[in-house]
Each structure stands twice: as C-alpha cells, then as structure tokens.
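Given next are the chains, with one letter for each unit.
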Amino acid sequence: MIVELGHLALILAFLVAIVQATVPMVGAHRGWTDWMRVATPAASAQFGLTLVAFLALMSAFVTSDFSVRLVAANSHSAKPLLYKISGTWGNHEGSMVLWMLILSLFGGMVAWRGANLPPALKARVLGVQASISVAFFAFILWTSNPFERLAFAPIDGNDLNPLLQDPGLAFHPPFLYVGYVGLSMAYSFAMAALIEGRVDAAWARWVRPWTLLAWLFLTIGIALGSFWAYYELGWGGWWFWDPVENVSFMPWLLATALLHSAIVVEKRDALKSWTILLAILAFSFSLIGAFVVRSGIITSVHAFATDPERGMFLLWILAIFIGGSLTLYAWRAPSLRTSSVFATVSRESGLVVNNLLLVVATLVVFFGTMWPLLAEVLTGRKVSVGPPYFDLAFTPFMVGLAMILPVFATLPWKRGDLPTAMRPLWGVLAVAVALGALVWTLQTGGAILAPVGVALAAWLILGALAEIAGRIRLGRAPLAESARRAANLPRADWGKAIGHAGFGITIFGIACVTAWATEDIRVLRTGETFAAGGYDLRLDAVAQSEGPNYSAETGRITVLRDGAEIGVLSPEKRFYPVQRMGTTEAAIDRTLTRDLYVTLGDPQSDGGWAVRTYVKPFANWIWLGALVMAAGGAISLTDRRYRVGAPARRAAPAPGAVPAE
Amino acid sequence: MRRSVLALAVCLAPLAAAAIGPDEILPDPAEEARARAITSELRCVVCQSESIDESNAEIARDLRLLVRERIVAGDADAEVLDFVADRYGEFVLFRPPMTAANAPLWLAGPVFLIFGLALSAAFVRRRAREARRPRSGLSPEEQSRIDALLRE
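Residues numbered from 1 in each chain as written. Chains lettered and ligands numbered in written order. Predicted model: local features only at pLDDT ≥ 70, side-chain atom pairs only at ≥ 80, totals over all residues.

K.L.:
Any chance you could break down the overall build of chain A for me, citing the residues and the numbers?
P.N.:
Helix and strand counts for chain A come out as 21 helices and 10 strands. Its C-alpha radius of gyration of 27 Å places chain A within 12% of the 26 Å reference for a compact globule of 661 residues. Taking the principal axes of its C-alpha atoms as reference, chain A extends roughly 95 × 75 × 60 Å. Buried positions account for 54% of the 661 residues belonging to chain A. Partitioning the contacts of chain A with sequence separation of at least 6, the portion at a separation of at least 24 is 74%. (Helix = DSSP H or I, 4+ residues; strand = E, 2+ residues; numbered from the N terminus. Rg over C-alpha atoms; globule rule 2.2 N^0.38 Å. Buried ≥ 20, exposed ≤ 12 C-beta atoms within 10 Å, placed from the backbone. Contact = placed C-beta atoms within 7 Å.)

In structure tokens:
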C-alpha cells in the first residue's frame with residue numbers, strides 16, 4: 001500500500017513538474033503575474049510529493065518488503081538497519097529518486113527563499129528547474145521504476161553489494177548529489193538570464209551562493225568517496241582516475257572555475273557571457289556523469305547495472321538540455337556586452353588565467369575519459385587510458401594553478417603591478433623554495449614530486465596567511481588595530497584564504513603519500529614480529545567471528561615502537577554468504593603525520609597469513625585539505641552580502657530617476 | 001550482463017588470490033620495484049579499471065609472474081611492456097603509447113592550452129586597450145559606476 005502511494009506520489013510529482021515547467025514560463029513571457037506565481041506552490045508540491053515517494057521507498061527497504069523488485073534485488077532481512085536505510089540509494093533506481101528529491105529541494109529553496117528575486121526571473125528559474133525535473137521523472141517512471149512489484153515475493157533478498165555496506169554509503173552519495181544537482185541552480189539561473197537577455201551584478205550575487213553551496217558539497221562528497229575507497233579497497237589507493245571518479249571530478253573543476261568567474265561578474269561586471277557558458281557546462285558535466293554511470297558506455301568498477309534503454313533515454317536528456325542550452329547561448333550571448341575594463345596585470349586577468357587552467361584541465365580529463373570510446377568508434381582499436389596518462393597530462397595544470405595563485409589572489413581589481421603584489425610574498429616564496437630544497441636534499445629517492453609538492457603547498461598555505469596578515473596590517477599596526485581589522489574583514493575574504501590554504505594542504509598530502517608511502521608484504525605466523533616503517537608489528541592471533549550478515553577472520557596485531565606497545569590493530573577479512581563475496585577491512589592507525597595501514601590477506605598453506613602493511617606519510621592531509629576548502633566555502637557563504645545584500649536589483653529607481661538599464 | 005556480474009565477483013572477492021601476494025615478490029628489491037612500476041601500468045583484462053598490481057583475478061596473477069619472469073630474464077621496462085602488449089593487445093596499456101594513432105590524446109592538453117591562451121590573451125588585451133583609451137563623455141567604467149549607484 002505504502003509502495004503504491006509512493007508510486008502515485010512520483011507520478012503526481014511528474015505532473016506537477018509539467019505544470020511548473022510551462023505555466024510560469026508563459027506567465028513570465030506575457031507578463032501575467034498570477035501565472036508566474038504558480039511556480040512557488042508548484043515547487044513546494046513537487047518537493048513534498050517527491051519526499052513522499054522517497055520515504056515510501058525507504059520504508060520498503062527498512063521493512064524488507066521483498067515483493068518490491070528493487071528491495072528483493074538489493075537488500076536482505078539480516079542486513080543492519082543503517083544499510084537498509086542507506087541501501088535506499090545504493091542502487092540505480094533508488095539513487096535516481098534521491099537525485100530527484102535533491103533537485104526538487106533546490107527548486108523549493110528558490111521558491112521559499114527567493115522572495116527578493118524579480119518575479120519574472122524567479123518564474124523562469126523555477127520553470128527551467130522544473131523542466132529538468134520533468135525529464136528525470138519521465139526517465140524514472142519509464143525506464144527505472146523503483147516501485148515495481150514482483151508477482152511472487154522471494155523469502156529473502158539478494159543483499160546489497162558488501163563493498164557498499166559501509167557508513168560511507170550513508171554520506172558519500174547524498175553529498176555528491178547535492179553537489180551535482182546543486183549545479184542545476186546555476187544552470188537554471190543561466191538559462192533564465194539568457195531568456196531575459198540580462199546579466200548583471202545582482203544576477204551574479206544570486207548565482208554565486210548556489211554555486212558555492214553545490215561546490216562545497218561536491219568537494220566533501222568527492223573527498224568522502226576517496227576516503228572510503230582508501231580504507232575499503234585494501235591497498236590504500238585514494239584516487240584511481242576511474243571514469244566514474246572522473247565524471248564527478250569534471251563538474252567540480254568547472255564549478256571551481258564558475259565560482260571564480262562569478263566573482264568577476266559580481267564585482268566588476270565583466271566575463272558575463274563566459275560565466276553563463278561555465279554555468280551551462282558545469283551542470284552539463286553533471287548530466288554527462290549521470291549518463292556515464294548509468295548507461296554503461298564506459299567500463300568502470302562502480303557503474304550501476306546497465307541497460308541500453310536507459311542509456312538511450314539519458315542520451316536524449318543530454319541532447320535536449322546541453323544542446324538546447326548551448327543553442328540558446330549561441331543565440332543570446334552576443335548581446336551580453338562587457339562594459340568594464342581592466343589592465344593586463346589585474347585580478348580580473350588572474351581569474352581569467354585561473355579559468356583557463358581549470359577549463360583546459362577539465363577538457364584533458366574529459367578527453368582522456370572519452371578517448372577509449374572515440375578510438376574504438378573511429379578506428380576500431382581498443383585502448384585504455386589510465387592513471388599514468390592522467391598523472392602526466394593533468395598534474396601540470398594544477399602545478400601551474402598553484403604557482404600563480406598567491407600572486408593573483410593579492411592583485412587588486414582593475415589595475416595592479418607585480419612588484420607591489422610580490423612585496424609581501426617574497427618571504428613566503430623564499431621559505432617555500434627553501435623547504436622544497438630541504439626535502440630535495442633529505443630524501444633518498446629521486447622523485448621530483450615531493451620537493452615540488454612541499455614547496456607549492458608551503459607557497460599556497462603561507463601565501464594565504466600572508467594575504468590575511470597584509471589585510472589586517474599584522475605587525476605594521478598595533479595589535480588591537482589588527483584584531484579590529486580581522487574582525488571587520490569580510491567573511492568572503494576569510495573564506496578565500498582558508499579555501500586556498502586547503503588546496504595547499506591537499507597538495508602537501510598528495511605529494512607526501514605519492515613520494516614516500518612504503519609497503520611491506522609478507523607471510524606471518526601468529527606470534528611472529530616484523531619491522532615496517534620504524535614500527536614493530538606482532539601478529540598475536542587470528543580469530544573467527546560472526547557478524548550480522550557475514551563471517552569474519554580478524555587479526556590482532558600489536559604495534560610496538562622501541563619495544564613499547566603503542567596500539568593494537570584489527571584487520572579483518574569478511575565473507576558475505578548471500579552475495580558470495582569477500583571484503584577486506586583494513587585496520588588503520590591514523591595520525592596527522594602518517595597512517596599505519598594493515599590488511600589481512602589469505603591464509604597460507606604453511607599456516608601463516610599474508611599481511612600487508614603500508615606506512616602512508618601525511619595521508620590524512622589529502623582529505624583534511626578538502627574539508628578545509630569546503631570550510632572556506634561555508635565561511636564565504638555566510639558573508640554579509642549574501643545575508644542582506646541580495647535584493648539589489650529589485651530596488652525601484654527613485655521617481656524621476658533614469659532607469660539603470 | 002551475466003558475464004560482467006561474474007567478472008565483478010572475481011574482482012571484488014579476494015578469495016583465490018588477493019592482489020600481489022608475498023610468494024610473488026622478487027628477491028632483488030631493485031628488480032621488484034621495477035616490476036611493481038610495470039604491473040601498475042598494465043590493465044587487468046577481467047577487472048577493467050584495475051591494474052594487474054591491484055587485481056585479484058587469476059589472470060592478473062599470471063601476468064604479474066610473467067612480468068617478473070621477463071625482468072629476471074633481463075628485459076628492459078619498455079621491452080616487458082611491449083612483450084605483454086604484443087600478446088594481450090594495446091588494451092592492457094594504461095598509458096597509451098605515443099604513436100600517431102594516439103596523437104590526439106597526447107596533444108589534446110597542449111593544443112587546448114595554446115588555443116585557450118590565445119583566446120584569453122586576446123580578450124585581456126582588448127579590455128586593457130579599452131582601459132587606456134580616453135573617451136569623450138562617460139567612460140564605460142564611469143557608466144557602470146553610475147549604473148551601480150542607480151541600482152542601489
């Protein structure tokens with residue numbers, strides 16, 4: 001009954017979305033305010049109905065209703081409750097419902113919080129947003145119905161893929177989807193602006209917080225996925241350049257570029273048509289991601305079970321939304337003229353270079369991801385493009401970005417000069433180069449990556465600190481004066497410095513792990529001790545145990561340093577009988593300076609166990625840096641101008657004054 | 001479909017042989033390091049996105065042993081890669097060779113960059129030229145300031 005209610009709610013949401021996609025658009029075109037106003041209740045209704053559908057599906061999973069095909073295929077009665085709940089979106093159909101829930105929530109947020117938007121713009125934004133909803137509701141209802149019943153319910157379900165039975169599933173996809181779908185806001189605003197033919201500072205001030213919100217969730221979502229892969233897959237890799245990772249990374253790169261170019265529109269009224277294009281592209285890449293993951297066109301470890309019919313449907317959605325928006329762009333963008341001017345050396349130019357590097361890096365990732373497909377279609381050759389290519393082709397862009405970032409970040413708007421911008425940075429540069437040189441001389445191996453990475457990280461982190469120090473005149477004014485300046489510094493400036501420092505922290509982690517991780521693989525009998533990375537590890541015992549829906553062999557490894565016991569690690573091998581699949585649960589002793597990572601391998605014929613030990617220096621800095629970046633975004637989001645400054649465009653000119661446009 | 005499910009089960013189930021095992025390691029650390037570098041550039045034919053260094057499939061293990069055999073036999077790194085690619089096809093190379101057929105892939109980055117640099121340099125120079133040019137009446141910048149003031 002609840003399941004049918006959910007299905008009904010989904011159908012109603014589809015119908016409401018059709019109304020929301022048409023009536024307000026016509027209203028905005030004709031200037032009929034009552035038609036425009038339909039958008040707000042429609043967006044609320046769409047969200048409410050999608051929520052009902054989502055909760056109905058979740059209840060089917062929680063109560064293990066195996067008469068529902070999706071539940072029978074992806075759940076099991078013995079599965080822990082957390083994974084019954086998060087298992088709702090651990091499959092194609094359910095994850096699409098989550099996607100819709102978030103899409104309609106964003107629409108709802110514009111409806112509820114957009115009282116200060118001009119009515120026509122609001123109607124158009126919600127209309128475009130609803131047209132995306134229509135397409136995806138149709139996709140769900142016609143190709144991926146989550147509420148389909150089985151004629152004969154099985155006694156128990158097929159269980160969820162054991163790799164997904166992890167707390168990571170509860171957080172990674174929702175964060176990622178908020179990011180992907182959040183970019184639809186930028187897209188809808190861009191389309192609305194193109195239809196209206198008007199982009200101004202006020203428009204940028206509405207778009208930027210949405211992009212920032214999407215970006216920060218995407219940052220956390222990608223970091224969570226990387227962190228999850230790191231501890232779950234059992235060899236401590238944290239990024240694999242897998243197609244599915246790439247398609248989540250490309251929207252992130254473009255959102256990062258959009259975030260920066262929207263500042264130029266907001267503060268300087270320049271780069272308007274470029275920003276619109278970026279907004280379109282960022283969401284287009286989200287759609288491409290959905291297509292790649294769900295169509296199976298590119299082989300990947302985490303693609304969903306695939307179906308050509310779904311692939312074709314998604315291809316149509318891509319063609320309509322990407323093709324349509326680019327056509328509209330080509331038609332309307334030439335009318336968006338940039339009025340403001342700036343010198344060659346200015347922050348505007350710096351942000352142009354930032355955008356150039358980020359967009360070209362995105363294209364490189366895109367090209368590398370698509371090349372196997374292209375090569376096969378064009379020449380019939382089957383080729384692979386993997387980590388060695390991406391490391392080589394992508395890294396230079398990030399190095400370039402890191403090199404110029406602190407300089408351009410301190411340049412003033414309009415016109416600046418390099419000597420002035422560099423003045424507070426010479427010291428930072430000297431320290432960074434010295435640190436790099438120190439690492440270069442200390443390390444035994446010849447990898448150039450570590451010294452370069454450390455120098456870049458220091459340059460970014462200290463550069464961000466130097467910028468703040470300069471802004472609050474630290475050391476050049478009395479301390480009380482500096483404190484007052486710090487308190488008055490806009491949150492956006494704090495967010496900027498923190499975000500840039502986070503980038504440095506991530507670079508530091510990546511460089512250290514890549515250059516200095518050590519590995520030890522050996523056979524160990526219980527009671528034996530071995531040395532790895534400055535520690536002594538003793539395998540005390542391997543015990544059998546039973547989990548709720550798996551059986552496990554758990555090792556007990558005592559870690560000693562200079563003879564003193566400093567901890568116990570319990571790596572585990574699990575076997576999930578329903579899916580007949582094993583998983584490796586690594587035991588990780590985490591500190592800020594290194595991870596001690598141990599996995600238990602197979603029992604050997606002579607009675608020992610294969611044990612792998614990795615020492616990963618500064619591994620946690622990779623994800624810590626991502627969190628710091630996201631925190632920077634969050635702080636920037638609380639900036640005063642977003643809390644109070646938004647309704648700039650609505651303010652009517654004083655009677656008799658010349659309209660601004 | 002069934003085949004891919006089967007492949008997935010092999011790849012994700014560290015039951016038979018889990019990634020590189022202790023029995024495979026070469027006694028000479030220098031040779032072993034070379035072997036690891038090579039095997040992490042070779043793609044597992046069963047487990048799609050994994051290198052044979054990470055893969056749990058039986059064939060990946062065979063290939064790991066094959067690579068080590070070639071190294072012990074005295075092959076250079078490039079010779080080992082060629083040896084495997086000759087037998088299993090270009091598909092197993094995670095780093096596509098820099099051949100004419102792969103030229104678009106390798107040139108994509110530099111070409112996009114040069115193209116983008118040219119476009120943005122032209123844009124920035126146009127802005128800068130307009131910034132220098134004095135105009136009668138209001139400069140665009142004054143105009144935009146007036147616009148901004150009116151909007152407030």
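Right, picking up where we left off after that structure.
K.L.:
For the sheet that holds strand β8 (residues 587-590) of chain A, give the residues involved together with the corresponding values.
P.N.:
Residue and element names in this part refer to chain A. Reading across from one edge, β1-β10-β9-β8 is the order of the four strands in this open sheet, with antiparallel pairing throughout. Both edges of this open sheet fall to β1 (518-524) and β8, since each of them pairs with a single strand only. Mean inter-strand twist for the sheet, computed between neighbouring axes without regard to direction, equals 15°. In this structure, strand β9 (residues 594-603) lies alongside strand β10 (residues 609-617), joined through eight bridges in antiparallel fashion. From the neighbouring strand, Val 598 faces β10, where its bridge partner is Thr 613. (Pairing = 2+ DSSP bridges. Axes fitted to C-alpha atoms, helices over the stretch in contact; angles between N-to-C directions.)

K.L.:
Tell me about the pairing of strand β4 (residues 551-561) of chain A, residues and numbers included.
P.N.:
All names here are of chain A. Looking at chain direction, strand β3 (residues 535-546) and β4 are connected through 10 bridges and run antiparallel. Note that in β4 the partner of Val 542 across the bridge is Gly 555. The antiparallel hairpin formed by β3 and β4 contains four residues in its connecting segment. With four bridges joining them, β4 and strand β6 (residues 572-576) adopt antiparallel strand pairing. Bridge pairing in β6 links Glu 553 to Lys 573. Where β4 lies against strand β5 (residues 564-569), five bridges are found, and the strand directions are antiparallel. Each residue of the ladder has a partner; that of Thr 558, found in β5, is Val 568. The hairpin formed by β4 and β5 contains two residues between the paired strands, and Asp 562 there has a positive phi angle of roughly 50°.

K.L.:
Give me the lowdown on the nonpolar core, citing residues and values where you can.
P.N.:
Membership of the largest hydrophobic core comes to 223 residues, with the highest contact counts inside it found for A:Ala186, A:Phe189, A:Ala279, A:Ala282 and A:Leu460. It is helix α9 (residues 201-232) of chain A that contributes the most residues to this core, 20 residues altogether. In contact with A:Leu460, other than residues within four places in its own chain, are A:Ala402, A:Leu405, A:Pro406, A:His500, A:Ala501, A:Phe503, A:Gly504 and A:Ile507. Core analysis: the second largest hydrophobic core is formed by 17 residues, B:Cys47, B:Leu63, B:Ile71 and B:Val80 among them. (Core = buried A, V, L, I, M, F, W, Y, C linked by C-beta atoms within 7 Å.)

K.L.:
Quick one: what's the story with the packing of helix α2 (residues 29-39) of chain B against helix α3 (residues 58-72) of chain B, residue by residue and with numbers?
P.N.:
Residue and element names in this part refer to chain B. Taken N-terminus to C-terminus, the directions of α2 and α3 make an angle of 135°; their axes are 10 Å apart at the nearest point. When the axis of α2 is compared with that of α3, the two are oblique. Along this stretch, α2 crosses α3, giving a crossing that reads as right-handed. In contact with Glu 31, Arg 34, Ala 35, Ile 38 and Thr 39 of α2, α3 contributes Arg 64, Val 67, Arg 68, Ile 71 and Val 72. Of the residues contributing to the contact of α2 with α3, the split by class is five nonpolar, one polar and four charged. (Parallel < 35°, antiparallel > 145°, perpendicular 65-115°, else oblique. Left-handed = near helix turned anticlockwise from the far one by under 90°. Nonpolar A, V, L, I, M, F, W, Y, C, P; charged D, E, K, R; others polar.)

K.L.:
Can you tell me about the environment of B:Ala33, naming the residues and giving the values?
P.N.:
All names here are of chain B. Its location among the elements puts Ala 33 in helix α2. In this structure Ala 33 comes out as exposed when scored by C-beta crowding, with 12 C-beta atoms within 10 Å. As for Ala 33 and Arg 95, which are separated by 62 residues in sequence, their C-alpha atoms are 18 Å apart.

K.L.:
Lay out helix α19 (residues 491-516) of chain A in plain terms, naming residues and giving numbers.
P.N.:
With 26 residues, α19(A) extends 37 Å between its outermost C-alpha atoms, agreeing within 8% with the 38 Å of an ideal straight helix rising 1.5 Å per residue. In terms of burial, α19(A) is largely enclosed, as 21 of its 26 residues are buried. (Expected span 1.5 Å × (residues − 1).)

K.L.:
Summarise the interface of chain A and chain B; cite the residues concerned and give the values.
P.N.:
Counting residues at the interface gives 52 residues for chain A, matched by 50 residues for chain B. Of all the secondary structure elements, the ones that give two or more residues to the side of chain A that touches chain B are α13 (347-379), α14 (387-410), β1, β7 (581-585) and β9 of chain A. Across the side of chain A that touches chain B, the residue classes tally to 31 nonpolar, 13 polar and eight charged.

K.L.:
Now, about unusual backbone geometry: what can you tell me, with residues and values included?
P.N.:
All names here are of chain A. The phi dihedral of Lys 414 is positive, around 70°, even though this residue is not glycine. When you line up the elements, Lys 414 lands in the loop between α14 and α15 (418-422). Even without being glycine, Asp 562 reaches a positive phi, approximately 50°. With respect to the secondary-structure elements, Asp 562 resides in the loop between β4 and β5. Residue class for Asp 562 comes out exposed when judged on the 8 C-beta atoms lying within 10 Å of it.

K.L.:
For the confidence of the model for chain B, give the residues involved together with the corresponding values.
P.N.:
Residue and element names in this part refer to chain B. Mean pLDDT over chain B stands at 79; residues scoring 70 or higher make up 81%. Within chain B, the element-level pLDDT minimum falls on helix α1 (residues 2-12), averaging 43, and the maximum on helix α4 (residues 77-88), averaging 90. Counted against residues more than four places away or in other chains, residues 1-10, with its pLDDT under 50, gives seven contacts. Residue range residues 12-17 is modelled with pLDDT below 50. Its contacts to residues more than four positions away, or to other chains, number 13 contacts. Scored by ipTM, the complex comes to 0.83, with pTM at 0.91. (pLDDT = per-residue confidence, 0-100.)

K.L.:
Explain the environment of B:Ser40 to me, using residue names and the numbers behind them.
P.N.:
Residues and elements named next belong to chain B. Relative to the elements of secondary structure, Ser 40 occurs in the loop between α2 and α3. Considering only alpha carbons, one finds Ser 40 and Leu 149, 109 residues apart in sequence, at a separation of 61 Å. For Ser 40, the contacting residues outside a window of four places in its chain are Ser 51 and Asp 53.

K.L.:
Go over helix α16 (residues 426-442) of chain A with me, naming the residues and quoting the values.
P.N.:
Residues and elements named next belong to chain A. With 17 residues, α16 extends 24 Å from end C-alpha to end C-alpha; this agrees with the ideal 24 Å at 1.5 Å per step. Here α16 has its buried residues at Val 428, Ala 432, Gly 436 and Val 439. For α16, the angular spread of buried residues about the axis comes to 70°, placing them on one side. Residues of α16 that are exposed and angled more than 90 degrees away from the buried face: Trp 426, Gly 427, Ala 430, Ala 434, Thr 441 and Leu 442. In this fold, the buried residues of α16 make contact with α14 and α17 (449-471). (Arc of directions from axis to C-beta.)

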